[in-house]
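The primary structure of each chain is shown beneath.
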Amino acid sequence: MSEEKIIRHIPPCSSCDLEALESWLSDLAREGQYLKDIGRRSWHFTRGTPGEVPYRLVPGRDKPTAGAYFGRHTDRLPEDPPQVILDRYWDQGWVYVTRQRHCCIFRGVDGEKGMFRTEPRMRSEDISRMIQWEWRELPFCLLMFWVAFPLFLYAIAGWGTPILALNELLWVYMLTLAAGLVLVAQRVIHLYHLVRLRRKLDSGGRLDHKKDWRSAALRTRAVKVAQVVFLVAWTLGSPFLPLYQSEDYNLLEEYPGDPPFLTAAELVPEDALSDWEGLYYENKGLLIPVHINWWETGMVQPRCELYYRLDYYETLTPALAGQLAEELLYEEQGDYAYAADPLPELGLDYAVVYNQDQSVILQEGTKVMQVTMIQDDDDYLPLEVWTAQLAQDLQE
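Residues numbered from 1 in each chain as written. Predicted model: local features only at pLDDT ≥ 70, side-chain atom pairs only at ≥ 80, totals over all residues. Heavy atoms only, no water.

(A) How the structure looks around the confidence of the model for the protein. The share of residues in the protein with pLDDT of 70 or more is 78%, and the mean pLDDT across the chain is 79. Scored below 50 in pLDDT, residues 65-78 makes 29 contacts in the model with residues more than four places away or belonging to other chains. Per-residue pLDDT stays below 50 along residues 239-246; that stretch engages in 9 contacts with residues further than four places along the chain or on separate chains. (pLDDT = per-residue confidence, 0-100. Contact = heavy atoms within 4.5 Å.)

Shown next as structure tokens:
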């Protein structure tokens, strides 16, 4: 026996435009396509004999509760109506098909004498319950995309400074906010259709079972397809990129041109270096267009080993740079409980020393430096000497 062929369609109208959905299903029945069930992204149909078979969407009877604020996974309508309801509709010429969101879908029993003796009726209070469901789901969308998700992105970034986290993930965050706006817009569209239908019923109007659904079909389906593509791409890629990205280190001699800061070779006396080596890597972002991680190590004559590491940032605005400098120190103090002392004599917008006078954070305008200088002989290159040179370079 051959397996029943399933035909899939994306609904051409809002899931809360009940009149358009009923008209669409009835038109497909005239083409010999009958609704079987509803998947996550498409509705499933089977092939049959074309006929005049009407469909009706009947709102469920349950009222929403506080659990709807956390999604409908723990507070949803029953999967199927009770058997007594199914029997009553069958006696009146209607058979239950499946459930869609807040509604049960019935279709007429084609070919029976006196069929459709009493149509399923929709009342204003039924629509009011659907409106309440939509209002309950709207705060859930806002909570997910404007509160919980930013924290999720922050955690993925490694719980670093907020500015660095945003710099790495701002584009992902903006795309996610755009997706959140689309979901909120969908809820608003749902509310529009339901409120309009409720007013129509309150004024004594009748449902339009032959509503034109084709005019907006292409736009509605295009939006739904775009949502699926975005969801798949985002799920497979963007939120996990920071976990898999690794810094692409390069040899110092491969750096193009001169770095925008003083290197260790420029801080120590000329021709005093030996066994010198180092690496660097660069990052770019929306908030911090320039980030260079630079480290050098080697010997300086006559007997001093020196380690030099520098993180150099250029931000979009001085305010961002000042906040970044404070956050870098806050992170160091949180990790190692360092005590910091200010360096007002340098004349910079922000300057502190910590880590036993081996590390400094300097900020001037849009530029920030986090520098560590470790020496076997602390008197070889005193703190006040190398910090003054770095400060002068920042100011210039």
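From this point, the discussion proceeds with the structure in view.
(B) Structural context of the pairing of strand β9 (residues 290-300). Among the 11 residues of β9, 9 are classified as buried, and the element is accordingly described as predominantly covered. Note that strand β8 (residues 273-283) and β9 share 9 bridges and pair antiparallel. The partner of Y281 across the bridge, within β9, is N293. Pairing analysis gives 11 bridges linking β9 to strand β10 (residues 304-314), with the strands arranged antiparallel. Of the residues in β10, the one forming a bridge with G298 is L306. (Buried < 20%, exposed > 50% of the residue type's maximum accessible area, 1.4 Å probe, protein only. Helix = DSSP H or I, 4+ residues; strand = E, 2+ residues; numbered from the N terminus. Pairing = 2+ DSSP bridges.)

(C) Region of the structure containing the sheet that holds strand β6 (residues 103-108). Read across the open sheet, the 3 strands follow the order β4-β6-β5; overall the sheet is antiparallel. Because the sheet does not close on itself, it has two edges, and the strands there are β4 (55-59) and β5 (94-100). Sheet twist, expressed as the mean angle between neighbouring strand axes with direction ignored, is 30 degrees. Bridge analysis of β4 against β6 gives 5 bridges, and the strand direction is antiparallel. Bridge pairing in β6 places Y55 opposite R107. Sitting on the sheet, helix α1 (residues 18-30) is in contact with β4, β5 and β6, with an inclination near 150 degrees to β4. Lying on the sheet, helix α2 (residues 83-91) is in contact with β4, β5 and β6; it crosses β5 at an angle near 135 degrees. (Axes fitted to C-alpha atoms, helices over the stretch in contact; angles between N-to-C directions.)

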